[in-house]
Amino acid sequence: MLVPLKWLKEYVDIDVSAEELAHRMTMTGSNVEGIHRKGEGIENVVVGKILTIEPHPNADKLVVCNVDTGTRQYRIVTGAPNVEAGQLVPVALDGATLPGGHKINRSKIRGVESWGMLCSGEELGLTDEDYPGAEIDGILVLKEEYPLGMDIREALGLDDDIIEFEITSNRPDCLSVIGIAREAAVTLDSSFRLPKIEVKADVGDVNTEAAVKVKDPDLCPRYCARVVKDVKIAPSPRWMQQRLSAAGIRPINNIVDITNYVMLEMGQPMHAFDLDKLTGKTIVVRRAYDGEKLVTLDDKERLLNDNMLVIADTEKAIGLAGVMGGANTEISDDTRNVLLESATFDRGSIRMTAKTLGLRSESSSRFEKGLDINNARAAIDRAAQLIEELDAGTVVEGVIDVCNGSLYDRVLEVSWKRINELLGLDLSPEIMGNILKKLEFKVEIKGDNLELVIPSFRQDVEGVADIAEEVARIYGYDKIPMTLMEGTVSRGRRTRKQKLIDMVKDVLVGSGLYEVVTYSFTSPRVYETIGITDPQDIPKTVRIANPLGEDQSIMRTTQIPSILEVLSRNRNRGLPLCQVFEIGTAFLPKSLPLNELPEEKSILTIGEYGPGMDYYDLKGKIEILLKFLGLLNGAEFVPRVHPTFHPGRTAILKLGSAEAGIIGEIHPKVAENYQLEERVIMAELDLDILLDMAKDQRRYRPLPKYPAVTRDLALVVSKDTLAGQVERCIWEFGGELLEKVELFDVYAGSQIPEGYKSMAYALSYRAADRTLTDEEVNALHDSIVKGLEKTLGAKLR
């Protein structure tokens, strides 16, 4: 929000510099982003009058002007083609400075001494918006009468400071000069005054000239209209153009400029319609028809839908409510009768309309934040007053005011003790009351409470925290004493699950893997790319209500596609070896459509490719992890067929009766879908099961004092017998003295019956308190052999 300081001073007495004002306003919550000075860099340039013009004796294209600056006359040489005697022009005297640091000094030009320079608008850094005619080729000719010798900055309105405020979305009341003035008055403890609004309007009756129908009062709580007849379209006065330009608004004509001026002054957007272009002389506030079209003031055709609010007449839409008017009722040089609009619209509706159409305006930015319903009537009266003062037309008596909203102020009761608790202060209720009264709250002290009548323009105030903020910012944040925090602070610590996950990561990184993180949302087509084509095998998924696209439209139930994409990306970039893992979440809906939140299961996915990588390499890494979790002895890898994995090179991990995951080589067709030519090994484990069953307690024992006794055991078992089954039996029948079991040979050939295989194990026995005898070891060994024979049908080879 750009606020010219001179304009601001009309409503509040300011006796400090712009820099001091900016600092103090920032300290009370109205943040200042900068101070701009348009005339900065212009020094010793004054208004002069060309008295006579003589030809230059030594140059055909130059002339010598005799210029009066009020105190004396100067001879100045110029080549400007538009100089004429009697003109008022900017004169840069000897020693003057122009924007950009250009110095003007007395000098001889082709033998004639020149005591300065006549300036063009460009040399003064001006455009046509700053002053009409500033961009013409030649010197700048001043159209108004100014005292000779007046500083050109004062004459052109360039001596003003323009303060740029950053207005937060909860303070739309400050999107106006009056709103900023109200804040400045409280900040400086100065007087605040509103413009005195008086409208004569003693001609005719507005109800005979126009009518207003609000068909959607939920989107338009209040609509005010006035009629102006016998309008005389002309440029607005210089002072108004200067203020609009300084505030960032381009002057157009007197009627449009007045509506923009009131918007900047009072914060209420307005619009002017050419009344003679309104069919039926009637304003209809309604929702747009689906597919309805409107050409807006920027000459662009807009396609509307039935969620948008429009201003219409009895036949057609003539404007986007709160956003932009229509070209079909635009004010032109031929306009003679005008209908002024000042309304309050639903902030959500305006925001959605502006966003859908990609059309933001000064009006929409204010309506989106919510406006004071009581300000609509005052603003339209102010516009009518300015029209009368500028003799721009005849204001018809009366206002059409269709109001469906509440005009009453809200009442809020808060504890003043609670305010002190929030701020860490010890202010009396009287001090708080005085601060709030300055902010135009009505205050009544009732015991421990303050009963407040909230001004209608302060829609952001809703509870005790908002009142505490108002008290704090005006009292002074710098006056709040520094204190130490009070209260009980509990020491943060990691949960058992978090500690175990950290250990899992450390083990995997120690095994040569890199951790990666991928998105939790994916494409529904990934199941086909990983070989799951049967509709009955495709899991139920959670669809995202507002996805970024089809490729990210569901929450994942597996991380295998994500890890395959990571492996593919690394392979495409020429990496010969890649080993990664991810700990993430799978989202499993309990039912569809969703009636409750889905189950969120923690999963660990590992993927790798490269020289020497095979099923046993990854199985070894998983066994290391299981050992750290204390689960290795009870683990079993059972063959399983899965469409994503290679048949015969895939197993599930079983921990007792629980299936804790799957490990195997990726099916060649699946690998081909991801442009992976190498053997790809992957595992996906249920991390929740692993962590729930993990044995995080460790038992330590001293180093053995006595030697171990080893025995080899060669067995003939069925080809379907798993090594894990044999090992479990050995441990079961080996007793406490069995220390180690290691498989060192598997053989199937001519010496072994068909359908069988030979498995050789090295067994180690040890006692903690003695050296074992052969008799003790043989008894244990025989017990193991008998147990294997009975349980698995194994025979000694």
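Residues numbered from 1 in each chain as written. Predicted model: local features only at pLDDT ≥ 70, side-chain atom pairs only at ≥ 80, totals over all residues. Heavy atoms only, no water.

A.B. asks: Please set out the overall build of the protein residue by residue, giving values where relevant.
C.D. replies: Of the regular secondary structure elements, the protein holds 21 helices and 40 strands. Relative to a compact globule of 797 residues, whose C-alpha radius of gyration would be 28 Å, the protein shows 43 Å and is clearly more extended. For the protein, the C-alpha atoms occupy an extent of roughly 135 × 75 × 60 Å along the three principal directions. Taken across its 797 residues, the protein has 48% of its residues classed as buried. Considering only residue pairs separated by 6 or more positions, the protein has 69% of its internal contacts joining residues 24 or more positions apart. (Helix = DSSP H or I, 4+ residues; strand = E, 2+ residues; numbered from the N terminus. Rg over C-alpha atoms; globule rule 2.2 N^0.38 Å. Buried < 20%, exposed > 50% of the residue type's maximum accessible area, 1.4 Å probe, protein only. Contact = heavy atoms within 4.5 Å.)

A.B. asks: Describe in detail the environment of Val638, supporting the description with residues and values.
C.D. replies: Mapped onto the elements of the fold, Val638 is located in strand β33 (residues 635-639). Residues Val638 and Gly724 lie 86 residues apart in sequence; the distance between their C-alpha atoms is 8.9 Å. Not counting the four nearest positions on each side in its chain, Val638 is found in contact with Thr650, Ala651, Ile652, Lys654 and Leu722.

A.B. asks: Please set out the side chain of Ser553 residue by residue, giving values where relevant.
C.D. replies: With respect to the helices, strands and loops of the structure, Ser553 is situated in the loop between β29 (542-543) and β30 (554-555). Sequence-distant contacts of Ser553, that is, excluding residues within four places in its chain, are made with Thr522, Pro524, Val542, Arg543, Ile544 and Pro547.

A.B. asks: Tell me about the confidence of the model for the protein, and name the residues and values.
C.D. replies: Of the residues in the protein, 100% reach a pLDDT of 70 or more, and the chain-wide mean stands at 93. At the low end of the mean pLDDT range in the protein sits helix α20 (residues 723-734), at 88; at the high end sits strand β27 (residues 514-515), at 97. (pLDDT = per-residue confidence, 0-100.)

A.B. asks: So what's going on with the sheet that holds β30? Which residues, and what values?
C.D. replies: Spatially, three strands are ordered β28-β30-β29 in an open sheet, and the strand pairing comes out antiparallel. Unpaired on one side and paired on the other, β28 (521-522) and β29 mark the two borders of the sheet. Direction of pairing for β28 relative to β30: antiparallel, over a ladder of two bridges. Within the sheet, the bridge partner assigned to Phe521 lies in β30 and is Met555. (Pairing = 2+ DSSP bridges.)

A.B. asks: Outline the sheet that holds strand β24 (residues 410-415), listing residues and values.
C.D. replies: Strands sit in the order β24-β26-β25 across an open sheet of three strands; the sheet is antiparallel. Each of the sheet's edge strands pairs with one partner strand only, and the pair in question is β24 and β25 (442-446). The mean angle between the axes of side-by-side strands here comes to 20°, regardless of whether they run parallel or antiparallel. In terms of strand pairing, β25 meets strand β26 (residues 449-454) through five bridges, oriented antiparallel. Residue pairing in the sheet places Lys442 in a bridge with Val453 of β26. Contacts from helix α11 (residues 416-423) reach β24 and β26 within the one sheet, and its direction differs from that of β24 by about 65°. (Axes fitted to C-alpha atoms, helices over the stretch in contact; angles between N-to-C directions.)

A.B. asks: Help me get a handle on helix α8 (residues 347-357), residues and values and all.
C.D. replies: Considered for burial, the residues of α8 that qualify are Ser349, Ile350, Thr353, Ala354 and Leu357. Down the axis of α8, the smallest arc covering the buried residues is 125°, so these residues share one side. The elements touched by buried residues of α8 are β17 (301-303), β18 (309-312), β19 (317-320) and α9 (362-367). Where α8 ends, the next residue or the one after it, Gly358, has phi of about 65°, a positive value. (Arc of directions from axis to C-beta.)

A.B. asks: How would you summarise the packing of aromatic side chains if you had to cite specific residues and measurements?
C.D. replies: Scanning the entire structure with this criterion turns up six aromatic pairs. Summarising the aromatic geometry, the rings of Tyr74 and Trp115 are spaced 6.4 Å apart at their centres and angled 50° between planes, so their arrangement reads as tilted. With Tyr74 in strand β5 (residues 73-78) and Trp115 in the loop between β9 (112-114) and β10 (116-118), this pair connects stretches of sequence that are 41 residues apart. Ring centres of Trp239 and Tyr261 lie 5.7 Å apart, and the angle between their planes is 90°; on these two criteria the pair is classed as edge-to-face. In this pair, Trp239 is assigned in helix α6 (residues 238-246) and Tyr261 in helix α7 (residues 254-266), connecting sequence segments 22 residues apart. Aromatic ring contacts, followed pair by pair, group Trp7, Trp239 and Tyr261 into a single cluster. One residue, Arg106, lies across the ring of Trp115, its end atom 4.3 Å from the ring centre. The ring of Phe457 has Arg182 sitting right over it, with the charged end atom 3.9 Å from the ring centre. (Phe/Tyr/Trp six-rings, centres within 6.5 Å; stacked < 30°, edge-to-face > 60°. Lys NZ or Arg CZ within 6 Å of the ring centre and 35° of its normal.)

A.B. asks: Any chance you could break down the environment of Gly447 for me, citing the residues and the numbers?
C.D. replies: Assignment of secondary structure puts Gly447 in the loop between β25 and β26. Each C-alpha atom, one on Gly447 and one on Pro429, is 9.3 Å from the other, the two residues being 18 residues apart in sequence.

A.B. asks: So what about a negative patch on the surface? Which residues, and what values?
C.D. replies: On the surface, a cluster of negative charge is contributed by Glu122, Glu123, Asp128, Glu129 and Glu135. Tracing the chain through its elements places Glu129 in the loop between β10 and α3 (152-155). Since its relative accessible area comes to 40%, Glu129 is described here as partly exposed. (Patch = residues over 30% accessible without salt bridge, like charges linked within 9 Å, V, L, I, M, F, W, Y side chains within 5 Å. Areas by Shrake-Rupley, 256 points an atom, 1.4 Å probe, with all protein chains shown as cover. Salt bridge = Lys/Arg side-chain N within 4 Å of Asp/Glu carboxyl O. Lys, Arg positive; Asp, Glu negative; His and termini not counted. Charge placed at Lys NZ, Arg CZ, Asp CG, Glu CD.)

A.B. asks: Mind laying out the pairing of strand β4 (residues 63-68), listing which residues take part and the relevant values?
C.D. replies: Where strand β3 (residues 43-55) and β4 come together, six bridges link them in antiparallel fashion. The partner of Ile53 across the bridge, within β4, is Cys65. Strand direction decides the pairing type here: β4 and β5, joined by six bridges, are antiparallel. Along β5, the bridge assignment pairs Val64 with Val77. The antiparallel pairing of β4 with β5 creates a hairpin that spans four residues between the two strands, and Gly70 there sits at a positive phi of about 95°.

A.B. asks: Report on the pattern of salt bridges, specifying residues and quantitative values.
C.D. replies: A side chain of one charge can pair with a side chain of the opposite charge when the charged atoms of the two come close. Per the counting criterion, the structure on display carries 58 salt bridges. Between Asp218 and Arg287 there is a salt bridge, with its nearest N and O atoms 3.1 Å apart. Here Arg287 lies in strand β15 (residues 282-287) and Asp218 lies in the loop between β12 (211-214) and β13 (222-229), a separation of 69 residues in the sequence. Exposure remark for Asp218: the relative accessible area of 46% places this residue in the partly exposed category. Look at Arg287 and you get partly exposed, because its relative accessible area is 31%. As a salt-bridge pair, Lys590 and Glu596 come within 3.7 Å of each other at their nearest N and O atoms.

A.B. asks: Describe the packing of helix α14 (residues 496-510) against helix α17 (residues 615-628), listing the residues and the values that go with them.
C.D. replies: The geometry of α14 relative to α17 is characterised by a closest axis approach of 10 Å and an angle of 145° between their N-to-C directions. The element α14 and its partner α17 pack so that their crossing is right-handed. Taken together, the residues of α17 that come into contact with α14 (itself represented by Met503, Val504, Val507 and Leu508) are Ile624, Leu625 and Phe628. Of the residues that constitute the contact of α14 with α17, the class distribution is seven nonpolar, no polar and no charged. (Left-handed = near helix turned anticlockwise from the far one by under 90°. Nonpolar A, V, L, I, M, F, W, Y, C, P; charged D, E, K, R; others polar.)

A.B. asks: For the side chain of Thr187, give the residues involved together with the corresponding values.
C.D. replies: Considering the arrangement of structural elements, one finds Thr187 in helix α4 (residues 177-188). We classify Thr187 as buried; its relative accessible area is 11%. Here the side chain of Thr187 touches Thr28 through a polar contact of 2.9 Å, side chain to side chain. At 2.8 Å, the side chain of Thr187 forms a polar contact with the backbone oxygen of Glu183. Among residues more than four places away in sequence, those in contact with Thr187 are Arg24, Met25 and Thr28. (Polar contact = N/O pair within 3.5 Å; in protein donor to acceptor, adjacent residues only side chain to side chain.)

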